[in-house]
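# Observations on the model geometry
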Amino acid sequence: MASLVVVDHPLVQHKLTLMRMRTTPTAEFRRLVREVALLLGYEITRGLALTETEIETPLMTTRAKVLAGKKLCLVSILRAGNGLLDGMLDLLPSARVGHIGLYRDPATLLPVEYYYKVPADIAERPVIVVDPMLATANSAVAAVERVKRDGATDIRFACLLAAPEGVARMTGAHPDVPVYTAAVDQGLNDHGYILPGLGDAGDRIYGTR
Ligand code: PRP
Ligand code: URA
């Protein structure tokens, strides 16, 4: 059941290359993350269910398609997830939003939760969990476990970059959760960073290093 979708659209690939460059300044990096998030969101939402409703055009009454069911819920893994969240909200302005505060312990690379707030009815909504980097996948696996504990069943995961190790771990732990990424890189270094990667996503989005 596990699926990996690499969004290889030329615009996504071009923007990703600009993000990888060490000389790309913070403001441009942040803008690029937002743009790529919108393009990833377009692919991720391709399979959403539609229903028909009656509307009036200026000329006549007709039946037209609208999204079916409850609005999506975007769940951002803080803090770098908020970069992707902004672009997804440009595409899905009515989406509900949840936040999971996780940071990687630099020694163990295990995620430490410090915040959790999601819509009370998350179980009834399609969920997209967003985080730019799928490295060891410890963070993503924990975030998806957390929303599953609250009853979410229809879940997708979106990132900018993934390591092969992270993809294997995530699809093994959550085979029901499709993973969308702009690229799968070579692998991880000794500190759990993706190579060639783009560095520390949070630091690059927020200019903290
Ligand atoms: C980064 C990134 C992911 C995590 C990925 O967050 O945004 O959440 O690392 O690594 P993993 O797949 O090995 O878990 P970080 O812990 O640096 O926190 P930040 O977003 O606050 O910068
Ligand atoms: N987190 C990041 O921000 N970058 C990586 O390469 C790995 C984890």
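Just so we're clear, the structure is a prediction, and the values are computed from it rather than from any experiment.

## Quick notes on the site of ligand 2
- The environment of ligand 2 is formed by R104, M133, A135, G192, Y193, I194, G199, D200 and A201.
- Between ligand 2 and the protein, one listed contact pairs an oxygen atom with a backbone N or O atom of I194 at 2.8 Å.
- The contact in question runs from a nitrogen atom of ligand 2 to an N or O atom on the backbone of G199, over 2.9 Å.
- Relative to its unbound accessible area of 240 Å², ligand 2 is 89% covered by the protein chains.
- Given that more than half its atoms are within 2 Å of the pocket grid, ligand 2 belongs to the largest pocket.
- Split by residue class, the shell around ligand 2 holds five nonpolar, two polar and two charged.

## Examining the environment of G81
- When you line up the elements, G81 lands in helix α3 (residues 81-91).
- Overall, the relative accessible area of 0% leaves G81 in the buried class.
- With 49 residues separating them in the primary sequence, G81 and V130 have C-alpha atoms 5.4 Å apart.
- Residues in contact with G81, not counting those within four places in the same chain, are S76, V130, D131 and P132.

Calculation criteria
Residues numbered from 1 in each chain as written. Chains lettered and ligands numbered in written order. Predicted model: local features only at pLDDT ≥ 70, side-chain atom pairs only at ≥ 80, totals over all residues. Heavy atoms only, no water. Near = heavy atom within 4 Å. Polar contact = N/O pair within 3.5 Å; in protein donor to acceptor, adjacent residues only side chain to side chain. Areas by Shrake-Rupley, 256 points an atom, 1.4 Å probe, with all protein chains shown as cover. 1 Å grid on protein atoms, 1.4 Å probe; cavity = no way out; pocket = protein on both sides within 12 Å on 5 of 7 lines; lining within 4 Å. Sits in = over half its atoms within 2 Å of the grid points. Nonpolar A, V, L, I, M, F, W, Y, C, P; charged D, E, K, R; others polar. Helix = DSSP H or I, 4+ residues; strand = E, 2+ residues; numbered from the N terminus. Buried < 20%, exposed > 50% of the residue type's maximum accessible area, 1.4 Å probe, protein only. Contact = heavy atoms within 4.5 Å.

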